Amino acid sequence: MQYSKALSDPPLKERYGAFLSNSSNLQCSEVMEECELPLIDISTLRMTDDEEERRPCASAIAKAATEWGFFIVINHGIRSELLKEMRKEQQRLFAKPFEEKSSKILKGTYSWGNPMAKSLTQLPWSENFLVPLKMIIEDQEWCSLEFSSLRETMEKLGSAMTDLAHVLARVLAENLGFPGDFIAEKCSMSTNYFRLNHYPPCPHSLGTFGLLPHTDSDFLTILSQDQVGGLQLRKDSSWYAVKPNQDALIVNIGDLFQVSSAHKILAIPFLFKAALSRNYIVNNCTRARQAMANDISSIVAWSNDFYKSVEHKVMSNSEADRYSVAYFLCPSMDSIIGSCSEPSHYKQFTFGDFKKQVEEDKRRTGNKVGLPMFRL
Ligand SMILES: O=C(O)CCC(=O)C(=O)O
Ligand SMILES: [Fe+2]
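Every chain's residues receive numbers from 1 upward, in the order its sequence appears when written. Each chain gets a letter, beginning with A, and each ligand a number, beginning with 1, in the order they are written. A pLDDT threshold of at least 70 governs which residues receive local features in this predicted model, and a stricter bar of 80 or more applies before side-chain atom pairs are shown or counted, although totals over entire chains, interfaces and linings include all residues. Calculation of side-chain values draws on the structure's entire complement of heavy atoms; hydrogens and water are dropped beforehand.

Undergrad: If you had to explain the sheet that holds strand S9 (residues 231-235) to someone new, which residues and values would you point to?
TA: Here a strand pair is declared whenever DSSP counts at least two bridges between the two strands. By the criteria applied, helices consist of DSSP H or I runs no shorter than four residues and strands consist of E runs no shorter than two, each listed in order from the N terminus. Spatial ordering of the open sheet is given by S1-S10-S9-S13-S7, a layout of five strands whose pairing is mixed. Bordering the open sheet on either side are strand S1 (33-35) and strand S7 (209-214), each of which pairs with just one other strand. Adjacent strand axes in the sheet meet at a mean angle of 40°, parallel and antiparallel pairs treated alike. Taken together, the three bridges between S9 and strand S13 (residues 312-315) define a ladder with antiparallel strand orientation. By the bridge assignment, Gln232 is partnered in S13 with Lys313. Axis geometry follows a simple rule: fit a line to the C-alpha atoms, using only the stretch in contact for helices, then measure angles between N-to-C directions, giving values from 0 to 180 degrees.

Undergrad: Can you explain helix H4 (residues 51-67)? Please cite residues and give values.
TA: Since the α-helix advances by 3.6 residues per turn, residues separated by three or four positions end up pointing in the same direction. Compared with the 24 Å implied by 1.5 Å per residue over 17 residues, the 23 Å span of H4 between its first and last C-alpha is a close match. For a residue, the bend is simply the angle between two axes, fitted respectively to the seven-residue segment ending there and the seven-residue segment starting there. In the structure, H4 departs most strongly from a straight axis at Cys57, where the bend amounts to approximately 30°. Contacts are residue-level and defined by heavy atoms, with any inter-residue pair within 4.5 Å sufficient. Elements that come into contact with the buried residues of H4 comprise strand S2 (39-41), helix H3 (43-47), strand S3 (70-74), helix H8 (148-175) and strand S11 (249-253). Gly69 sits one or two residues past H4 and shows a positive phi near 75°. The span expected for a helix works out to 1.5 Å for each residue beyond the first.

Undergrad: So what about the coordination of the iron ion (ligand 2)? Which residues, and what values?
TA: Only nitrogen, oxygen and sulfur atoms within 2.8 Å of the metal, or 3.2 Å for Na, K and Ca, are treated as donors, and water is left out, so sites may look incomplete. At the metal site, the iron ion (ligand 2) is ligated by His214 (NE2), Asp216 (OD) and His312 (NE2), and these contacts range over 2.1 to 2.2 Å. In primary sequence terms, the donor set of the iron ion (ligand 2) follows H-x1-D-x95-H. Here Asp216, found in the loop between S7 and strand S8 (220-225), pairs with His312, found in strand S13; they are 96 residues apart in sequence, far enough to count as distant. Each member of the pair, Asp216 as well as His312, carries the same accessibility label: buried. Here's how the labels work: a residue is buried when its accessible area is under 20% of the maximum for its type, exposed when over 50%, partly exposed in between, all with a 1.4 Å probe on protein chains only.

Undergrad: Any chance you could break down the site of ligand 1 for me, citing the residues and the numbers?
TA: By convention in this text, a residue qualifies as near a molecule or strand provided that one of its non-hydrogen atoms is within 4 Å of it. Taken together, 14 residues form the shell around ligand 1, and within it Arg195, Tyr199, His312, Arg322 and Ser324 come nearest. We define a polar contact as two N or O atoms separated by no more than 3.5 Å, with the added condition that, inside protein, one atom must be a possible hydrogen donor and the other a possible acceptor, whereas residues neighbouring each other in sequence contribute only through side-chain atom pairs. One nitrogen or oxygen atom from the side chain of Ser324 is found 2.6 Å from an oxygen atom belonging to ligand 1. Residue-level accessible areas treat just the shown protein chains as cover; the underlying method is Shrake-Rupley with a 1.4 Å probe. Here ligand 1 loses 98% of its free accessible area of 290 Å² to cover by the protein chains. Elements supplying a minimum of two residues to the shell around ligand 1: strand S6 (193-199), S7, S13 and strand S14 (322-329). In terms of residue count, S14 provides more of the shell around ligand 1 than any other element does, four residues in total. Each residue is assigned to one class: nonpolar for Ala, Val, Leu, Ile, Met, Phe, Trp, Tyr, Cys and Pro, charged for Asp, Glu, Lys and Arg, and polar for all the others, Gly among them. For the shell around ligand 1, the residue count by class is seven nonpolar, four polar and three charged.

Undergrad: Please give an account of the pattern of salt bridges that cites residues and values.
TA: Salt bridges are defined as contacts in which a side-chain nitrogen from Lys or Arg sits within 4 Å of a carboxyl oxygen from Asp or Glu. Tallying each qualifying case throughout the model produces 19 salt bridges. The salt bridge partner of Arg170 is Glu174, with a shortest N-O separation of 3.2 Å. On the criterion of helical spacing, the pair formed by Arg170 and Glu174 is a turn pair, its members being four residues apart in helix H8. Given a relative accessible area of 22%, Glu174 falls into the partly exposed group. Of the charged contacts in the structure, one is a salt bridge between Asp255 and Lys368, with a shortest N-O distance of 2.7 Å. A residue pair is termed long-range when its members are at least 10 positions apart, and Asp255 in the loop between S11 and helix H9 (264-273) and Lys368 in the segment after helix H12 (351-365) qualify at 113 residues. Take Asp255 and Lys368: they sit in the same class, and that class is buried. Residues joined in a network through salt bridges with shared partners are Asp49, Arg170 and Glu174.

Undergrad: Can you lay out the confidence of the model for the protein chain for me, pointing to particular residues and giving the numbers?
TA: Across the chain, each position has a pLDDT score giving the predictor's confidence in that residue, from 0 to 100. Summarising the model, the protein chain shows a mean pLDDT of 83, and 84% of its residues fall at 70 or more. Per-element averaging of pLDDT across the protein chain places H9 at the bottom with 31 and S14 at the top with 98. Low pLDDT, under 50, characterises residues 259-299; the predicted model gives this stretch 84 contacts beyond four residues in sequence or across chains.

Undergrad: So what's going on with the nonpolar core? Which residues, and what values?
TA: To define a nonpolar core, start from buried Ala, Val, Leu, Ile, Met, Phe, Trp, Tyr and Cys residues and group those joined through side-chain atoms within 4.5 Å. Of all hydrophobic cores here, the largest spans 88 residues; its most connected members are Ile61 and Phe194. Ranked by the residues each element gives to this core, the list is headed by H8, at twelve residues. Among all residues touching Ile61, those that are not within four sequence positions of it are Ile40, Ile42, Leu45, Phe71, Leu168, Val171 and Leu172. If you look at the next biggest cluster of nonpolar residues, it comprises nine residues, including Tyr16, Phe19, Leu120 and Cys202.

Pasting the structure below:
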């Protein structure tokens, strides 16, 4: 049964209409330059362990992660039919009446707008379901029979995305001198998340956000988006539009992987030569060493600003509905996040501390603060 859009869309206009009619709230909207993000064919990474063969692709990823914090992957191994199936299921889900989405579908994972918004600058014109993969795998009650095919599709996509995320995390970790499975060991399928995003058309789309400028609270994000467009990223203090490409996937570095340090020039050639073993970490990372002394299995190192967790946002449009699915590679809540080089730019914290701080800041300021709260 088809529902009318009037019933399915969240009441953004009713709740936030006053912001829209106050034109002084509208931000100026520049004509946005499209950026050519690095486009990387990762087939060799998926097919071989031979270091020589992997090197060109691994270097391209490391370069993109340091220069852009964003890149596009092709030949990523996720079937386009599966991505299309996910999109179809996602559209079916968002077409449900707002009352159902906000009360009973997919158990408390739904949100829309921003209850804390005081102006248009704090308002995302969108709705989303933030779904822990743990819920999909373990909680049989998580969704009704009606959405069992959504559940099945998400489980398949979750497993494929986890494999892909581990392939990418391996390269990024090895580039810093860590064992390839260093991140993957901390991020199992059940610690990761999906966010299903829907951006309904906004009647006053000029300068209205679909999603506020933010960085992602994870190691890395894999994004599948439709052809509508609207994603923008910040590079060297300018915003650039990302060209939509339905078959490719967009990867961005998250806060926990924000690497590269003041030691970039010195550290990287050294790290490349360093034995890819825990000895490197024990001998060279005081913070890591301290934490490892407490619990060798819980430390997760991050890159001390070498890789960039880049701010990005979505701009709304007045004509088309837009859909995207983001997959977040996250460790367990008790994982300790420490820097991989000295002097560290950040306090050591657990992923749970980080998430708690982000929620607190959102309540206090209406927006995420993120890493600056942990800078030394
Ligand atoms: O929809 C998009 O293009 C971006 C989504 C995103 O940044 C997120 O869900 O964190
Ligand atoms: Fe994001």
